[in-house]
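Descriptive analysis of the structure
Residues per chain, in single letters:
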Amino acid sequence: MDITLNLSSSSKVAIIESEDVVIGSVQDALDLMATVSYNYDGCYKILIHKSAVAEPFFDLSTKLAGDILQKFTNYKVNLAIVGDFSEYSSKSLKDFIYESNQGKQFFFLLDEMAALEALHNVR
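Residues numbered from 1 in each chain as written. Predicted model: local features only at pLDDT ≥ 70, side-chain atom pairs only at ≥ 80, totals over all residues. Heavy atoms only, no water.

**Here we look at the sheet that holds strand S3 (residues 45-49)**
Strand order in the open sheet formed by five strands is S1-S2-S3-S4-S5, with mixed pairing between adjacent strands. Each of the sheet's edge strands pairs with one partner strand only, and the pair in question is strand S1 (2-8) and strand S5 (106-109). Direction aside, the axes of adjacent strands within the sheet are offset by 20 degrees on average. Bridge analysis of strand S2 (residues 11-17) against S3 gives three bridges, and the strand direction is parallel. Bridge pairing links Ile-16 to Ile-48 in S3. (Pairing = 2+ DSSP bridges. Helix = DSSP H or I, 4+ residues; strand = E, 2+ residues; numbered from the N terminus. Axes fitted to C-alpha atoms, helices over the stretch in contact; angles between N-to-C directions.)

**Here we look at the environment of Asn-39**
Position of Asn-39 relative to the elements: it lies in helix H1 (residues 26-39). For the pair Asn-39 and Asn-121, spaced 82 residues apart in sequence, the C-alpha to C-alpha distance is 22 Å.

**Quick look at the pattern of salt bridges**
Considering all chains together, one arrives at two salt bridges under this definition. For the salt bridge of Lys-50 with Glu-87, the shortest nitrogen-to-oxygen distance reads 3.0 Å. A residue pair is termed long-range when its members are at least 10 positions apart, and Lys-50 in the loop between S3 and helix H2 (64-74) and Glu-87 in the loop between strand S4 (78-82) and helix H3 (91-102) qualify at 37 residues. For Glu-87, a relative accessible area of 53% corresponds to the exposed category. Linking Lys-91 and Asp-95 is a salt bridge whose minimum nitrogen-to-oxygen distance equals 2.9 Å. Here Asp-95 and Lys-91 lie together in helix H3, a separation of four residues that amounts to about one turn. According to the relative accessible area criterion, Lys-91 is exposed, its value standing at 58%. (Salt bridge = Lys/Arg side-chain N within 4 Å of Asp/Glu carboxyl O. Buried < 20%, exposed > 50% of the residue type's maximum accessible area, 1.4 Å probe, protein only.)

**Thoughts on the environment of Ser-8**
For Ser-8, the position within the fold is in strand S1. Each C-alpha atom of the pair Ser-8 and Gln-105 lies 18 Å from the other, and the pair is 97 residues apart in sequence.

Here it is as structure tokens:
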């Protein structure tokens, strides 16, 4: 796993690059938040590619997404997941993605530039 920092004014976003799954459990999410916060001086915005998130996350019936995103909420960490979500046919997942993108905590976006813009605009 590689982490790079993207800066814009006073906003910091940690970009996670990995060929392996980084977030596969609640503990993985907690470990990632701790690593980013500790190594990048209080960075509370994370961008990760969909391929680094375990597939069960995108099956809402597993409750993995809810459990993981609750931890991000508890620790006030913003998250953007970048990828093509059109492959999923679940209406509830599509609704969840739509609602998330209307808020300021979690984003599910097609490309990295859009995700960086969304995260940097969160205050």
